[in-house]
Amino acid sequence: MAAPVIVEATVKQTATLIFMHGLGDTGHGWSSALAAVRPPFMKVICPTAPTQPVSLNAGFRMPSWFDLKTLDIGGPEDEPGIRAARDDIHGMINKEVSAGIPANRIVLGGFSQGGALALYSALTYEQPLAGVVALSCWLPLHKQFPDAKVSSDDVPIFQAHGDYDPVVPYKFGQLSASLLKSFMKNVTFKTYSGLSHSSSDEEMNDVKDIISKWQQSQTHHL
C-alpha cells in the first residue's frame, strides 16, 4: 500500500483523524481540505487504498478499499475484502494508540467507499473512538448489525449525504442512518440540499464544528 498522506499537528499532538478517500482517489484528494478544518492539535492521516480490480467498473484497476460489486441496497458485498480493509484501519488506530494518543481522541472518517469503511471499522473496534465522520456513504454488511458491533453504543456518528447523489443513493444513506440509530445512541444524519456525490463548504464547516465538539467533550479524560 502507498504511504499515507500525513498532515502533522501544528501544536503538540493530542488527537488524530484517520480519513479514507472514495473509490479511485488517493489520500491527497482530501488532505488539504481536512487540514483546513481540523483543530491545530490534531494530526490528519489520509491513507491511500491499494490498487485492485473493481467489479462495478468492469474489473478496471484503481485505488479501492475492497471490491465493489454493486451499489444496490441489499446487493452482494465483498465481505473478505471489507474485513481485510478493516484490519488495516484497526492497525492504523493501534499505531496511534501505541504512540500515546488515546482511542477516545481518534476520529475515523471517510467519503463514499471510505466512509463505509470508517463506519464498519469504528463499530468493530473494541475501544470507543472519539467519533465517525461518514460522508456520502452507507453501512457495509448491514445485515450483520447490530450483532457484529463490538464498540460501545455511545460512539458519536456524524453521517452526511447530498439529496442529489447519483452514485451512492441518498436513500441508501438514509436507511443506513436509520439502522445505526436503532443500536447507537448518538447518530446525526444531515442532508445537504442539492448536493451531488461530493462535498461542499457548508459540509466541511459542519465537519469542523463536529470534530471540535467531540474533542472538547473528551478533554476532561486527558
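Residues numbered from 1 in each chain as written. Predicted model: local features only at pLDDT ≥ 70, side-chain atom pairs only at ≥ 80, totals over all residues. Heavy atoms only, no water.

Novice: Help me understand the overall build of the protein, please; the structure alone is not making it clear to me.
Specialist: The number of helices and strands found in the protein is 5 helices and 9 strands. Going from the N terminus to the C terminus, the protein shows its helices and strands as β-β-α-β-β-β-α-β-α-β-β-α-β-α. For 222 residues, the compact-globule formula gives about 17 Å, and the C-alpha radius of gyration of the protein, at 16 Å, lands near that figure. Dimensions along the principal axes, computed over C-alpha positions, put the protein at roughly 45 × 35 × 35 Å. Out of the 222 residues belonging to the protein, those deemed buried represent 53%. (Helix = DSSP H or I, 4+ residues; strand = E, 2+ residues; numbered from the N terminus. Rg over C-alpha atoms; globule rule 2.2 N^0.38 Å. Buried < 20%, exposed > 50% of the residue type's maximum accessible area, 1.4 Å probe, protein only.)

Novice: Help me understand the pattern of salt bridges, please; the structure alone is not making it clear to me.
Specialist: Opposite charge on two side chains permits pairing when their charged atoms draw close. In total, this model carries 6 salt bridges according to the counting rule given. Two residues, D67 and K69, come together in a salt bridge whose shortest N-O distance is 3.7 Å. Under the relative-accessibility criterion, K69 is labelled partly exposed at 38%. (Salt bridge = Lys/Arg side-chain N within 4 Å of Asp/Glu carboxyl O.)

Novice: Sorry if this is basic, but what is going on with the nonpolar core here?
Specialist: Looking at soluble globular proteins, one finds that nonpolar side chains tend to be buried together. Grouped together as the largest cluster of nonpolar side chains are 43 residues, with contacts concentrated most on L108 and W138. Residues contacting L108, with those up to four places away along its chain left out, are L17, I18, M20, I89, I93, A118, S121, A122, L129, G131, V132 and V133. A15, Y192, L195 and I210 belong to the second largest nonpolar core, which has 25 residues in total. (Core = buried A, V, L, I, M, F, W, Y, C linked by side-chain atoms within 4.5 Å. Contact = heavy atoms within 4.5 Å.)

Novice: Can you walk me through the pairing of strand β8 (residues 157-162) in this structure?
Specialist: Walk down a regular strand and you will see the side chains alternate between the two sheet faces. Burial analysis of β8 places 6 of its 6 residues in the buried class, which makes it a mostly covered element. Relative to strand β9 (residues 187-192), β8 runs parallel, the two sharing 6 bridges. Directly across from G162, in β9, lies its bridge partner Y192. A crossover connection joins β8 to the parallel β9 through helix α4 (residues 170-183); in handedness this β-α-β unit is right-handed. (Pairing = 2+ DSSP bridges. Right-handed = clockwise from strand over helix to strand, strands pointing away.)

Novice: Sorry if this is basic, but what is going on with the UniProt feature "domain: Phospholipase/carboxylesterase/thioesterase" (unreviewed entry) in the protein here?
Specialist: UniProt records the feature "domain: Phospholipase/carboxylesterase/thioesterase" (unreviewed entry) for residues 3-214 in the present numbering. Annotated as 32% helix and 21% strand, the span residues 3-214 places its first and last C-alpha atoms 28 Å apart. (UniProt positions renumbered as here; feature names shortened; annotations may be inferred.)

Novice: Looking at this model, I keep getting lost on the sheet that holds strand β7 (residues 131-135). Mind explaining?
Specialist: Strand pairs in the sheet, formed through backbone hydrogen bonds, run parallel or antiparallel to each other. Ordered in space as β1-β3-β2-β6-β7-β8-β9, the 7 strands form an open sheet in which the pairing is mixed. In this open sheet, the two edge strands, each paired with only one partner strand, are β1 (5-7) and β9. Strand-to-strand, the axes of this sheet are offset by a mean angle of 15°, without reference to chain direction. Sheet contacts for helix α2 (residues 79-98): β2 (15-20), β3 (42-46) and β6 (106-111); angle to β6, the most-contacted strand, approximately 150°. (Axes fitted to C-alpha atoms, helices over the stretch in contact; angles between N-to-C directions.)

Novice: Hey, could you run me through unusual backbone geometry in this one?
Specialist: With the exception of glycine, the majority of residues adopt a negative phi angle, and the majority of peptide bonds are in the trans configuration. Cis peptide bonds are those with omega within 30 degrees of zero, and the linkage from F145 to P146 qualifies with 10°. Here P146 shows up in the loop between β7 and β8. Within the chain, A58 stands out as a residue other than glycine whose phi angle is a positive 55°. Of note, the phi angle at S112 is positive, near 60°, even though the residue is not glycine.

Novice: Where do I start with the side chain of Q113 in this structure?
Specialist: Looking at the element boundaries, Q113 is found in helix α3 (residues 113-123). Relative accessible area serves as the criterion here: at 0%, Q113 is assigned to the buried category. Of note is the side chain of Q113, whose polar atom sits 3.1 Å from the backbone nitrogen of W65. When residues no more than four places from it in sequence are discounted, the contact partners of Q113 are H21, G22, L23, S64, W65, F66, L68 and W138. (Polar contact = N/O pair within 3.5 Å; in protein donor to acceptor, adjacent residues only side chain to side chain.)

Novice: What should I look at first to understand the packing of aromatic side chains in this one?
Specialist: Aromatic ring pairs are described here by two measures, namely the spacing of the ring centres and the angle between the planes. In the structure shown here, the tally under the stated rule is 6 aromatic pairs. When the centroid spacing of 5.3 Å and the interplanar angle of 40° are considered together, the rings of W30 and F111 count as tilted. Of the two residues, W30 sits in helix α1 (residues 28-35) while F111 sits in strand β6, which places them 81 residues apart along the sequence. Both residues of the pair, W30 and F111, count as buried. Aromatic side chains F145 and F183 sit 5.9 Å apart centroid to centroid with 5° between the ring planes, which places their arrangement in the stacked category. Remark: F183 occurs in helix α4 and F145 occurs in the loop between β7 and β8; sequence separation between them is 38 residues. Take F183: its relative accessible area is 10%, and that puts it in the buried class. (Phe/Tyr/Trp six-rings, centres within 6.5 Å; stacked < 30°, edge-to-face > 60°.)

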